[in-house]
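# Summary of structural features
Listed below are the residues making up each chain.
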Amino acid sequence: MGYVSAVPPPRSDASAESEAPDSRSSRRSVAAALLLGALGATVVLLASGRVWARGTAAIGSDSLPLSADGRAVTGLPAALAIVGLAALVALFAVRGKSRLLVSGLLALSGLGAALSALFGSDGRSVLDAQAVRTTADSAAQVAGLTQTTWPYVTAAGAVLILAAGLLALRFGRGWPSMGGRYERDGGRRPRAAAAVDPDRPEDLWKALDRGEDPTTGPSGDRTR
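What you see is a predicted model, and the numbers here were worked out from it, not measured in a lab.

Procedures and definitions
The written sequence of each chain sets the order in which its residues are numbered from 1. Residue-level local features of this predicted model are given only where pLDDT is at least 70; pairs of side-chain atoms are given and counted only at 80 or more, and the full residue set underlies all totals for whole chains, interfaces and linings. Side-chain figures throughout are based on the complete set of non-hydrogen atoms in the structure, without hydrogens or water. Here a strand pair is declared whenever DSSP counts at least two bridges between the two strands. Only DSSP runs of H or I reaching four residues or more are called helices, and only runs of E reaching two or more are called strands; each is numbered from the N terminus. A fitted line through C-alpha atoms represents every axis, and for helices the fit uses only the stretch in contact; the resulting angles, taken between N-to-C directions, go from 0 to 180 degrees. The nonpolar core is taken to be a set of buried Ala, Val, Leu, Ile, Met, Phe, Trp, Tyr and Cys residues, with the residues joined through side-chain atoms within 4.5 Å. Note on classification: 1.4 Å probe, protein chains only; a residue is buried when its accessible area is under 20% of the maximum for its type, exposed when over 50%, partly exposed between these limits. Here, two residues are considered to be in contact whenever any of their heavy atoms come within 4.5 Å of each other. Looking at any residue, its pLDDT shows the predictor's confidence there, from 0 to 100. For patch detection, residues must exceed 30% relative accessible area and be free of salt bridges, and they are connected within 9 Å for like charges or within 5 Å for nonpolar side chains (Val, Leu, Ile, Met, Phe, Trp, Tyr). Throughout, the Shrake-Rupley method with a 1.4 Å probe supplies accessible areas, and for residues the shown protein chains are the sole cover considered. By convention in these notes, a salt bridge is any Lys or Arg side-chain nitrogen within 4 Å of a carboxyl oxygen on Asp or Glu. To estimate the expected span of a helix, count its residues, drop one, and scale the result by 1.5 Å.

Here we come to the sheet that holds strand β1 (residues 51-59). Strand order in the open sheet made by the 3 strands is β2-β1-β3, with antiparallel pairing throughout. Unpaired on one side and paired on the other, β2 (62-69) and β3 (143-147) mark the two borders of the sheet. Adjacent strand axes in the sheet meet at a mean angle of 15°, parallel and antiparallel pairs treated alike. Two elements, β1 and β3, share 3 bridges in a ladder whose sense is antiparallel. Within the sheet, the bridge partner assigned to R54 lies in β3 and is T146.

Below, the structure is given as structure tokens:
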């Protein structure tokens, strides 16, 4: 009968070298996704609070300046940036298909924030409403409407969130998870039983409190 060894054969240097680049690539993609997602969400939240549109309302022979920030024009970019941040954190709490779904949510939140910033940045309806309130004239409309660059800055931040989601879709399967202290089957790793000294009464009481039999050793043999 042949000899069977319980010790696994040592890995060759070639296999270790082939795994090292994959590990480095995984770490780089994680860092890039975290940086892009966090930076993009920050840019969107800050830029959506800036003035997006300006105009004037006529009051007699005078004109009153009006302005509207991004959140008054459209609240979607800021809301989707918060969704993207939540998805970015949730990526490391899930695995498998759940991680794929969260990665898709991250990418879609970036895409939606970018589109809403570009196509919902007119601000005319918001400034028209301001003109009506300011002049007390239901037919008043904003004049000299101009847009600032902040909607485009918001869209650029949203593109960063989209890039983080695309990275997660491409490389997220190999990223680490916060559940590393659990086994793959979902159970906790068993703790080794503490050694009990039968000559120390306090050890005996502690073993009884843990529900262990202090008269048996770790291997099940009776202690002296």
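The biggest cluster of nonpolar side chains holds 19 residues, and the ones touching the most others in it are L91, L106, I161 and W175. Sorting the residues of this core by element identifies α1 (13-47), α3 (76-90), α4 (96-119) and α6 (150-171) as the ones contributing at least two each. A total of 5 residues in this core trace back to one element, the largest contributor, which is α6. If we ignore the near neighbours within four places in the chain, the residues touching L91 are R99, V102, S103, L106, A168 and W175. By size, the runner-up hydrophobic cluster in this structure holds 13 residues, among which are A53, A57, V73 and L127.

Confidence in the prediction for the chain averages 79 pLDDT; 69% of positions are at 70 or higher. Per-element mean pLDDT across the chain ranges from 65 in helix α7 (residues 201-209) up to 95 in α6. Across residues 14-19 the pLDDT falls below 50, and counting only partners more than four positions away or on other chains, this stretch makes 1 contact in the model. Segment residues 180-187 is flagged for pLDDT under 50; beyond a separation of four residues in sequence, or across chains, it makes 9 contacts in the model.

Of the pairings in the sheet, the one linking β1 to β2 comprises 8 bridges and is antiparallel in character. Of the residues in β2, the one forming a bridge with I59 is D62. Between β1 and β2, which pair antiparallel and follow one another directly, the connecting turn spans 2 residues, one of which, G60, has a positive phi of 65°.

With that settled, the discussion passes to a nonpolar patch on the surface. Judged by side-chain polarity, L108, L111, L115, L118, F119 and Y152 come together as a nonpolar surface patch covering roughly 650 Å² of accessible area. In terms of residues, the nonpolar patch owes the most to one element, α4, which gives 5 residues. One can find L108 in helix α4. Its relative accessible area of 57% is what places L108 among the exposed residues.

Attention shifts here to helix α5 (residues 124-135). Relative to the 16 Å expected for 12 residues at 1.5 Å per residue, α5 spans 16 Å between its end C-alpha atoms, a close match to the ideal helical length. All of the buried residues along α5 are V126, L127, D128, Q130 and A131. Structurally, α5 contributes buried residues whose contacts are with β1, β2, α2 (70-73) and β3. Once α5 finishes, A136 follows within two positions and takes phi at roughly 60°, a positive value.

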